[in-house]
Amino acid sequence: MKFIDEYRQQDVAKHIAKKIAAAVNPERSYHIMEFCGGHTHAIFRYGVQDLMPANVQYIHGPGCPVCVLPMGRIDMAIQLMKTEDVILCTYADMMRVPASGQESLLKLKAAGGDVRMVYSTQDALNIARNNPQRQVVFFAIGFETTTPPTAVAIKQAQAQNIENFSVFCNHVLTPAAMTGLLESPEVAQGDQVQIDGFLGPSHVSSIIGSKPYEFVPKTYGKPVVIAGFEPLDVMQATLMVINQINQNRAEVENEYSRVVTPEGNRKACALVDEVMTLRDSFEWRGLGFIANSALKIRPEFSQFDAEQRFACLRDSAYVIASDHKACECPSILRGVKKPTDCSLFGKACTPENPMGSCMVSSEGACAAYWSYGRFRDTHSTEVNCA
(Lines give C-alpha, C1' and ligand atoms only; values in the text may rest on other atoms or scores of the structure.)
Protein backbone atom coordinates (compact mmCIF):
# COMPACT_ATOMS: atom_id res chain seq x y z
CA MET A 1 0.00 0.00 0.00
CA LYS A 2 1.47 3.33 -1.08
CA PHE A 3 2.87 5.40 1.80
CA ILE A 4 2.58 2.38 4.13
CA ASP A 5 4.62 -0.59 2.90
CA GLU A 6 7.32 1.59 1.37
CA TYR A 7 7.90 3.24 4.76
CA ARG A 8 8.32 -0.09 6.57
CA GLN A 9 11.08 -1.70 4.53
CA GLN A 10 13.63 -3.53 6.66
CA ASP A 11 16.57 -2.98 4.33
CA VAL A 12 15.94 0.77 4.31
CA ALA A 13 15.58 0.78 8.10
CA LYS A 14 18.96 -0.93 8.43
CA HIS A 15 20.50 1.59 6.03
CA ILE A 16 19.18 4.60 7.99
CA ALA A 17 20.29 2.96 11.26
CA LYS A 18 23.84 2.73 9.86
CA LYS A 19 23.74 6.39 8.85
CA ILE A 20 22.60 7.36 12.35
CA ALA A 21 25.35 5.25 13.94
CA ALA A 22 27.91 7.00 11.71
CA ALA A 23 26.50 10.46 12.41
CA VAL A 24 26.42 10.42 16.22
CA ASN A 25 29.28 11.80 18.22
CA PRO A 26 30.27 9.09 20.72
CA GLU A 27 31.39 11.80 23.15
CA ARG A 28 27.90 13.20 23.64
CA SER A 29 24.32 12.06 24.16
CA TYR A 30 21.23 12.92 22.13
CA HIS A 31 17.88 13.30 23.88
CA ILE A 32 15.05 13.65 21.39
CA MET A 33 11.46 14.17 22.48
CA GLU A 34 8.79 12.66 20.27
CA PHE A 35 6.00 15.05 21.16
CA CYS A 36 3.20 12.97 19.67
CA GLY A 37 1.84 9.81 21.26
CA GLY A 38 1.47 8.31 17.80
CA HIS A 39 5.25 8.50 17.43
CA THR A 40 5.70 6.82 20.80
CA HIS A 41 3.66 3.86 19.65
CA ALA A 42 5.48 3.69 16.30
CA ILE A 43 8.84 3.67 18.12
CA PHE A 44 7.80 0.79 20.35
CA ARG A 45 5.76 -1.17 17.83
CA TYR A 46 8.59 -1.30 15.30
CA GLY A 47 11.51 -1.41 17.72
CA VAL A 48 12.98 1.88 16.53
CA GLN A 49 14.70 2.54 19.86
CA ASP A 50 16.47 -0.81 19.49
CA LEU A 51 18.02 0.43 16.25
CA MET A 52 19.46 3.55 17.84
CA PRO A 53 22.99 3.85 19.26
CA ALA A 54 23.11 3.76 23.05
CA ASN A 55 23.64 7.52 23.24
CA VAL A 56 20.43 8.33 21.31
CA GLN A 57 17.38 8.24 23.56
CA TYR A 58 13.75 9.10 22.90
CA ILE A 59 11.83 11.05 25.54
CA HIS A 60 8.08 10.62 25.58
CA GLY A 61 6.21 13.92 25.46
CA PRO A 62 2.71 15.20 26.28
CA GLY A 63 1.28 14.70 22.79
CA CYS A 64 -1.56 12.41 23.83
CA PRO A 65 -4.84 14.38 23.96
CA VAL A 66 -6.62 11.96 26.29
CA CYS A 67 -3.61 11.82 28.61
CA VAL A 68 -3.21 15.57 29.07
CA LEU A 69 -6.86 16.32 29.86
CA PRO A 70 -6.96 16.96 33.62
CA MET A 71 -9.26 15.15 36.01
CA GLY A 72 -11.05 18.40 36.77
CA ARG A 73 -12.56 18.55 33.29
CA ILE A 74 -13.71 14.92 33.46
CA ASP A 75 -15.22 15.65 36.86
CA MET A 76 -17.17 18.48 35.23
CA ALA A 77 -18.62 16.09 32.62
CA ILE A 78 -19.58 13.60 35.33
CA GLN A 79 -21.22 16.36 37.37
CA LEU A 80 -23.17 17.41 34.28
CA MET A 81 -24.45 13.85 33.89
CA LYS A 82 -25.47 13.69 37.53
CA THR A 83 -27.18 17.09 37.46
CA GLU A 84 -28.90 17.22 34.07
CA ASP A 85 -30.85 14.74 31.95
CA VAL A 86 -28.44 14.70 29.03
CA ILE A 87 -26.95 12.26 26.55
CA LEU A 88 -23.18 12.61 26.71
CA CYS A 89 -21.23 11.58 23.60
CA THR A 90 -17.47 11.17 23.45
CA TYR A 91 -14.66 9.11 21.96
CA ALA A 92 -13.91 5.64 23.31
CA ASP A 93 -10.69 6.39 25.22
CA MET A 94 -12.30 9.20 27.20
CA MET A 95 -14.87 6.84 28.70
CA ARG A 96 -12.22 4.87 30.62
CA VAL A 97 -10.00 7.68 31.95
CA PRO A 98 -10.15 7.77 35.76
CA ALA A 99 -11.68 10.84 37.34
CA SER A 100 -11.74 11.82 41.01
CA GLY A 101 -12.38 8.94 43.38
CA GLN A 102 -11.66 6.47 40.57
CA GLU A 103 -14.92 7.41 38.88
CA SER A 104 -15.08 7.38 35.09
CA LEU A 105 -17.62 7.95 32.35
CA LEU A 106 -17.67 4.21 31.71
CA LYS A 107 -18.54 3.48 35.34
CA LEU A 108 -21.20 6.18 35.16
CA LYS A 109 -22.63 4.47 32.08
CA ALA A 110 -22.63 1.12 33.90
CA ALA A 111 -24.62 2.78 36.68
CA GLY A 112 -27.29 3.88 34.21
CA GLY A 113 -25.95 7.16 32.84
CA ASP A 114 -26.62 7.78 29.14
CA VAL A 115 -23.02 8.00 27.95
CA ARG A 116 -22.46 7.00 24.34
CA MET A 117 -19.28 6.24 22.46
CA VAL A 118 -19.07 7.91 19.06
CA TYR A 119 -16.58 7.76 16.23
CA SER A 120 -17.12 11.31 14.98
CA THR A 121 -18.90 14.56 15.64
CA GLN A 122 -21.41 13.54 12.98
CA ASP A 123 -22.44 10.58 15.14
CA ALA A 124 -23.20 12.99 17.98
CA LEU A 125 -25.20 15.25 15.66
CA ASN A 126 -27.23 12.27 14.45
CA ILE A 127 -28.00 11.30 18.04
CA ALA A 128 -29.27 14.85 18.62
CA ARG A 129 -31.44 14.66 15.49
CA ASN A 130 -32.88 11.31 16.56
CA ASN A 131 -33.57 12.45 20.14
CA PRO A 132 -35.10 15.95 19.79
CA GLN A 133 -36.61 15.73 23.28
CA ARG A 134 -33.19 15.21 24.94
CA GLN A 135 -30.17 17.48 25.33
CA VAL A 136 -27.12 15.95 23.62
CA VAL A 137 -23.65 17.09 24.67
CA PHE A 138 -20.52 16.22 22.71
CA PHE A 139 -17.48 15.97 25.03
CA ALA A 140 -14.91 17.35 22.58
CA ILE A 141 -11.21 16.67 23.13
CA GLY A 142 -8.06 16.68 21.08
CA PHE A 143 -5.32 18.78 19.57
CA GLU A 144 -5.62 20.78 16.37
CA THR A 145 -6.34 17.60 14.38
CA THR A 146 -9.80 16.97 15.84
CA THR A 147 -10.78 20.62 16.27
CA PRO A 148 -12.06 21.32 12.72
CA PRO A 149 -14.67 18.52 12.86
CA THR A 150 -16.01 20.01 16.09
CA ALA A 151 -16.25 23.42 14.43
CA VAL A 152 -18.06 21.83 11.47
CA ALA A 153 -20.59 20.19 13.81
CA ILE A 154 -21.33 23.50 15.53
CA LYS A 155 -21.81 25.23 12.17
CA GLN A 156 -24.12 22.44 11.01
CA ALA A 157 -26.15 22.57 14.22
CA GLN A 158 -26.62 26.30 13.70
CA ALA A 159 -27.53 25.97 10.02
CA GLN A 160 -29.94 23.08 10.63
CA ASN A 161 -31.39 24.56 13.84
CA ILE A 162 -30.49 21.53 15.96
CA GLU A 163 -31.25 23.27 19.24
CA ASN A 164 -30.67 20.27 21.53
CA PHE A 165 -26.99 19.91 20.57
CA SER A 166 -24.05 21.49 22.43
CA VAL A 167 -20.32 20.97 22.85
CA PHE A 168 -18.25 20.69 26.01
CA CYS A 169 -15.08 22.06 24.43
CA ASN A 170 -11.70 20.75 25.61
CA HIS A 171 -9.58 21.28 22.51
CA VAL A 172 -5.94 22.11 23.28
CA LEU A 173 -3.04 23.58 21.28
CA THR A 174 0.30 21.94 20.55
CA PRO A 175 2.64 24.97 20.29
CA ALA A 176 1.46 26.29 23.65
CA ALA A 177 2.12 22.89 25.22
CA MET A 178 5.66 22.94 23.84
CA THR A 179 6.15 26.33 25.49
CA GLY A 180 4.79 25.03 28.79
CA LEU A 181 7.06 22.03 28.60
CA LEU A 182 10.20 23.99 27.73
CA GLU A 183 9.54 26.46 30.53
CA SER A 184 8.84 23.79 33.13
CA PRO A 185 11.49 23.75 35.88
CA GLU A 186 12.73 20.26 35.00
CA VAL A 187 13.51 21.27 31.41
CA ALA A 188 14.41 24.94 31.85
CA GLN A 189 16.96 24.17 34.57
CA GLY A 190 18.12 21.01 32.82
CA ASP A 191 18.54 19.13 36.08
CA GLN A 192 15.92 16.43 35.44
CA VAL A 193 15.06 16.47 31.74
CA GLN A 194 17.40 17.23 28.87
CA ILE A 195 15.77 17.86 25.49
CA ASP A 196 18.13 18.38 22.56
CA GLY A 197 15.47 18.40 19.85
CA PHE A 198 11.89 17.49 18.93
CA LEU A 199 10.12 15.21 16.52
CA GLY A 200 7.17 17.40 15.59
CA PRO A 201 3.69 15.85 15.39
CA SER A 202 2.28 14.55 12.12
CA HIS A 203 -1.48 14.98 12.04
CA VAL A 204 -1.44 18.24 13.98
CA SER A 205 1.08 19.68 11.54
CA SER A 206 -1.09 18.70 8.58
CA ILE A 207 -3.61 21.20 9.96
CA ILE A 208 -1.48 24.04 11.33
CA GLY A 209 1.58 23.59 9.08
CA SER A 210 5.24 23.87 10.06
CA LYS A 211 5.44 27.63 10.64
CA PRO A 212 3.87 27.65 14.14
CA TYR A 213 6.91 25.75 15.51
CA GLU A 214 9.45 28.37 14.45
CA PHE A 215 9.47 29.91 17.92
CA VAL A 216 11.04 26.73 19.34
CA PRO A 217 14.42 27.11 17.57
CA LYS A 218 14.32 30.91 17.70
CA THR A 219 13.45 31.24 21.39
CA TYR A 220 14.73 28.01 22.91
CA GLY A 221 17.45 26.93 20.48
CA LYS A 222 15.96 23.46 19.93
CA PRO A 223 15.61 21.88 16.46
CA VAL A 224 12.20 20.58 15.39
CA VAL A 225 11.75 18.02 12.62
CA ILE A 226 8.16 17.17 11.71
CA ALA A 227 7.94 13.41 11.23
CA GLY A 228 5.43 11.00 9.76
CA PHE A 229 4.11 8.06 11.75
CA GLU A 230 5.81 5.23 9.89
CA PRO A 231 9.06 3.73 11.27
CA LEU A 232 11.19 5.02 8.39
CA ASP A 233 9.70 8.50 8.89
CA VAL A 234 10.70 8.43 12.55
CA MET A 235 14.21 7.18 11.79
CA GLN A 236 14.84 9.69 9.00
CA ALA A 237 13.55 12.55 11.17
CA THR A 238 15.80 11.37 13.99
CA LEU A 239 18.79 11.53 11.65
CA MET A 240 17.77 15.06 10.63
CA VAL A 241 17.60 16.15 14.29
CA ILE A 242 21.02 14.59 14.99
CA ASN A 243 22.54 16.39 12.00
CA GLN A 244 21.17 19.72 13.23
CA ILE A 245 22.59 19.11 16.70
CA ASN A 246 25.99 18.16 15.29
CA GLN A 247 26.06 21.28 13.13
CA ASN A 248 24.92 23.55 15.98
CA ARG A 249 21.79 24.42 14.00
CA ALA A 250 18.30 24.93 15.31
CA GLU A 251 15.64 25.07 12.63
CA VAL A 252 12.22 23.69 11.74
CA GLU A 253 12.57 20.98 9.11
CA ASN A 254 9.83 18.90 7.52
CA GLU A 255 10.45 15.19 6.92
CA TYR A 256 6.71 14.67 6.37
CA SER A 257 6.56 16.87 3.28
CA ARG A 258 4.21 14.47 1.48
CA VAL A 259 1.47 15.67 3.84
CA VAL A 260 2.61 18.79 5.74
CA THR A 261 3.11 22.23 4.18
CA PRO A 262 4.45 25.43 5.81
CA GLU A 263 0.98 27.02 5.96
CA GLY A 264 -1.05 23.91 6.75
CA ASN A 265 -4.73 23.57 5.89
CA ARG A 266 -5.84 27.18 5.67
CA LYS A 267 -9.51 26.34 5.17
CA ALA A 268 -9.60 24.20 8.31
CA CYS A 269 -7.75 26.83 10.34
CA ALA A 270 -10.11 29.58 9.14
CA LEU A 271 -13.12 27.47 10.12
CA VAL A 272 -11.75 26.93 13.62
CA ASP A 273 -10.99 30.65 13.98
CA GLU A 274 -14.56 31.45 12.99
CA VAL A 275 -16.12 29.21 15.64
CA MET A 276 -13.56 29.21 18.47
CA THR A 277 -11.21 31.54 20.29
CA LEU A 278 -8.40 31.25 22.84
CA ARG A 279 -8.98 30.60 26.52
CA ASP A 280 -6.88 32.77 28.80
CA SER A 281 -5.64 29.67 30.64
CA PHE A 282 -6.27 25.93 30.73
CA GLU A 283 -5.06 23.14 32.97
CA TRP A 284 -3.01 20.30 31.46
CA ARG A 285 -2.39 17.06 33.29
CA GLY A 286 1.28 17.09 34.26
CA LEU A 287 1.97 20.62 33.00
CA GLY A 288 -0.41 22.67 35.13
CA PHE A 289 -2.11 25.81 33.83
CA ILE A 290 -0.76 27.13 30.51
CA ALA A 291 -1.80 30.50 29.11
CA ASN A 292 -3.54 30.58 25.72
CA SER A 293 -3.24 26.82 25.38
CA ALA A 294 -6.85 25.81 24.68
CA LEU A 295 -9.92 26.90 22.79
CA LYS A 296 -13.45 27.86 23.75
CA ILE A 297 -16.53 28.52 21.68
CA ARG A 298 -17.04 32.10 20.53
CA PRO A 299 -19.99 34.09 21.94
CA GLU A 300 -21.64 34.10 18.50
CA PHE A 301 -22.13 30.34 18.89
CA SER A 302 -22.86 30.34 22.64
CA GLN A 303 -26.17 28.51 22.19
CA PHE A 304 -24.08 25.44 21.28
CA ASP A 305 -21.64 25.88 24.16
CA ALA A 306 -22.40 23.44 26.98
CA GLU A 307 -20.43 25.61 29.41
CA GLN A 308 -22.91 28.41 28.75
CA ARG A 309 -26.06 26.30 28.40
CA PHE A 310 -25.84 24.35 31.67
CA ALA A 311 -25.67 26.12 35.03
CA CYS A 312 -23.60 23.36 36.65
CA LEU A 313 -20.82 24.07 34.14
CA ARG A 314 -21.35 27.82 33.85
CA ASP A 315 -21.63 28.80 37.49
CA SER A 316 -19.43 26.31 39.34
CA ALA A 317 -15.82 27.18 40.11
CA TYR A 318 -13.28 24.89 38.49
CA VAL A 319 -11.85 22.38 40.97
CA ILE A 320 -8.32 21.03 40.51
CA ALA A 321 -8.21 17.28 41.06
CA SER A 322 -5.10 15.18 41.62
CA ASP A 323 -4.17 11.83 40.14
CA HIS A 324 -3.77 8.75 42.33
CA LYS A 325 -0.85 9.54 44.62
CA ALA A 326 1.21 6.64 43.24
CA CYS A 327 0.41 7.34 39.57
CA GLU A 328 3.33 8.80 37.62
CA CYS A 329 1.34 9.95 34.58
CA PRO A 330 2.01 13.66 35.26
CA SER A 331 5.78 13.04 35.39
CA ILE A 332 5.66 10.78 32.33
CA LEU A 333 3.87 13.50 30.35
CA ARG A 334 6.66 15.96 31.21
CA GLY A 335 9.36 13.48 30.19
CA VAL A 336 10.66 13.27 33.74
CA LYS A 337 9.93 9.55 34.12
CA LYS A 338 9.21 6.51 31.99
CA PRO A 339 6.27 4.14 32.53
CA THR A 340 8.56 1.54 34.09
CA ASP A 341 9.46 4.07 36.80
CA CYS A 342 5.88 3.89 38.09
CA SER A 343 5.27 1.43 40.92
CA LEU A 344 1.74 0.81 39.60
CA PHE A 345 2.77 -0.10 36.05
CA GLY A 346 1.86 -3.66 35.12
CA LYS A 347 0.69 -4.38 38.66
CA ALA A 348 -2.23 -2.35 39.95
CA CYS A 349 -2.33 -0.46 36.63
CA THR A 350 -3.05 -2.45 33.47
CA PRO A 351 -5.21 -1.78 30.39
CA GLU A 352 -7.99 -3.77 32.04
CA ASN A 353 -7.73 -1.69 35.23
CA PRO A 354 -6.09 1.63 34.33
CA MET A 355 -5.09 3.86 37.23
CA GLY A 356 -3.95 6.72 35.00
CA SER A 357 -4.66 8.23 31.59
CA CYS A 358 -1.35 7.10 30.05
CA MET A 359 -2.46 3.47 30.33
CA VAL A 360 -5.96 4.17 28.98
CA SER A 361 -5.26 6.04 25.79
CA SER A 362 -4.33 4.35 22.55
CA GLU A 363 -1.60 7.02 22.29
CA GLY A 364 -0.42 6.84 25.90
CA ALA A 365 3.18 5.95 26.74
CA CYS A 366 2.18 3.35 29.33
CA ALA A 367 -0.11 1.67 26.82
CA ALA A 368 2.78 1.59 24.33
CA TYR A 369 5.13 -0.06 26.83
CA TRP A 370 2.46 -2.59 27.77
CA SER A 371 1.17 -3.35 24.27
CA TYR A 372 4.57 -4.07 22.78
CA GLY A 373 6.16 -5.68 25.83
CA ARG A 374 9.09 -3.29 26.05
CA PHE A 375 9.51 -3.15 29.79
CA ARG A 376 13.23 -2.49 29.74
CA ASP A 377 15.72 -0.67 27.50
CA THR A 378 17.41 -2.90 24.95
CA HIS A 379 19.72 -2.31 22.03
CA SER A 380 19.34 -5.37 19.86
CA THR A 381 20.01 -5.29 16.13
CA GLU A 382 16.75 -6.99 15.20
CA VAL A 383 14.58 -5.01 12.79
CA ASN A 384 10.82 -5.32 13.22
CA CYS A 385 9.18 -3.47 10.34
CA ALA A 386 6.67 -6.14 9.46
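Worth saying up front: this structure is predicted, and the values here are computed from it rather than measured.

> How should I be thinking about unusual backbone geometry in this particular structure?
The phi angle of most residues is negative, glycine excepted, and most peptide bonds adopt the trans form. With a phi close to 60°, glutamine 102 is a non-glycine residue in the positive phi region. As for its position among the elements, glutamine 102 is in the loop between α5 (92-96) and α6 (105-110). Residue class for glutamine 102 comes out partly exposed when judged on its relative accessible area of 25%. Residue asparagine 161 is not a glycine yet carries a positive backbone phi of 55°.

> Mind showing me how you'd approach the state of the cysteines here?
Disulfides are covalent bonds that connect the sulfur atoms of two cysteines. According to the stated counting rule, one finds one disulfide in the structure shown. One disulfide bridge connects cysteine 64 with cysteine 67, the sulfur atoms lying 2.3 Å from each other. Between cysteine 64 and cysteine 67, the disulfide has an S-S torsion of 65° and is therefore right-handed. By relative accessible area, which is 0% here, cysteine 67 ends up buried. Free cysteine: cysteine 329, not disulfide-bonded; nearest cysteine sulfur from cysteine 358 at 3.2 Å. With a relative accessible area of 3%, cysteine 329 lands in the buried category. This cysteine, cysteine 342, is not joined by any disulfide, and cysteine 327 carries the nearest cysteine sulfur, 5.5 Å off.

Rules behind the numbers
- Residues numbered from 1 in each chain as written.
- Predicted model: local features only at pLDDT ≥ 70, side-chain atom pairs only at ≥ 80, totals over all residues.
- Heavy atoms only, no water.
- Helix = DSSP H or I, 4+ residues; strand = E, 2+ residues; numbered from the N terminus.
- Buried < 20%, exposed > 50% of the residue type's maximum accessible area, 1.4 Å probe, protein only.
- Disulfide = S-S within 2.5 Å.

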